Amino acid sequence: MTDILARLTQIILPRRVWYRNFYLRSDHWTRTAAEARVRAGQRCQRCRTAGRLDVHHVVYTHLWREYPVDLMVLCRACHKKIHRRRR
Ligand SMILES: [Zn+2]
Ligand SMILES: [Zn+2]
């Protein structure tokens, strides 16, 4: 999805809906997440498992201009655990 569309929908949609359905599908995020996976060596930063990896936001304050430390590369299991612990 183009960044323009993702930026336009950011203005009108509730944040959580927008984040899941638009931001995570934007060209910017596709690129940013791919770079994060390369930096992590294509492995989970918590348990070192390779395979299907999510890129988790440690903080959400720098959307569109994330710093490397804002992101964590996690396998599905570790990603779920992190969100469960926070809630
Ligand atoms: Zn893991
Ligand atoms: Zn997450």
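The preceding data block contains the structure.
Counting of residues starts from 1 at the beginning of each chain's written sequence and follows it residue by residue. Think of it this way: whatever chain is written first is A, whatever ligand is written first is 1, and the rest follow in order. Local features in this predicted model are restricted to residues of pLDDT 70 or higher, and side-chain atom pairs are both shown and tallied only at a pLDDT of 80 or more, whereas totals for entire chains, interfaces and linings draw on every residue.

Asks: What is the right way to look at the overall build of the chain in this model?
Replies: Within the chain, the secondary structure is distributed over four helices and two strands. Numbered from the N terminus, helices here are DSSP runs of H or I no shorter than four residues, and strands are runs of E no shorter than two. Along the chain direction, N to C, the helices and strands of the chain fall in the order α-α-α-β-β-α. Atoms counted for the radius of gyration: C-alpha only. Globule rule: 2.2 Å times the number of residues to the power 0.38. For the chain, the C-alpha radius of gyration of 13 Å lies close to 12 Å, the compact-globule estimate for 87 residues. Each principal axis of the C-alpha distribution contributes one length, and for the chain these read about 40 × 30 × 20 Å. With C-beta atoms placed from the backbone, a residue counts as buried when 20 or more other C-beta atoms lie within 10 Å of its own, as exposed when 12 or fewer do, and as partly exposed for counts between those limits. Counting over 87 residues, the chain shows a buried share of 16%. Counting only contacts in the chain whose residues sit at least 6 apart along the sequence, the fraction spanning at least 24 positions is 44%. Residues are treated as contacting if the C-beta atoms built from their backbones sit within 7 Å of each other.

Asks: Would you mind showing me how to read helix 3 (residues 27-39) here?
Replies: Within an α-helix, residues lying three or four positions from one another point in the same direction, as the helix has 3.6 residues per turn. Here, expected helix span is obtained from the residue count minus one, scaled by 1.5 Å. Helix length check: helix 3 (13 residues) gives 18 Å between terminal C-alpha atoms against 18 Å at 1.5 Å per residue, within 8%. Once helix 3 finishes, Gly41 follows within two positions and takes phi at roughly 70 degrees, a positive value.

Asks: Can you help me understand unusual backbone geometry in this one?
Replies: When glycine is set aside, most residues are seen to have a negative phi, and most peptide bonds are trans. A positive phi angle, near 60 degrees, is found at Gln42, a position not held by glycine. Secondary-structure assignment places Gln42 in the loop between helix 3 and strand 1 (53-57). By C-beta crowding, Gln42 is classed as exposed, having 11 other C-beta atoms within 10 Å. Its identity is not glycine, yet Arg48 carries a phi of approximately 70 degrees, on the positive side.

So yeah, pure geometry; function would need other evidence.
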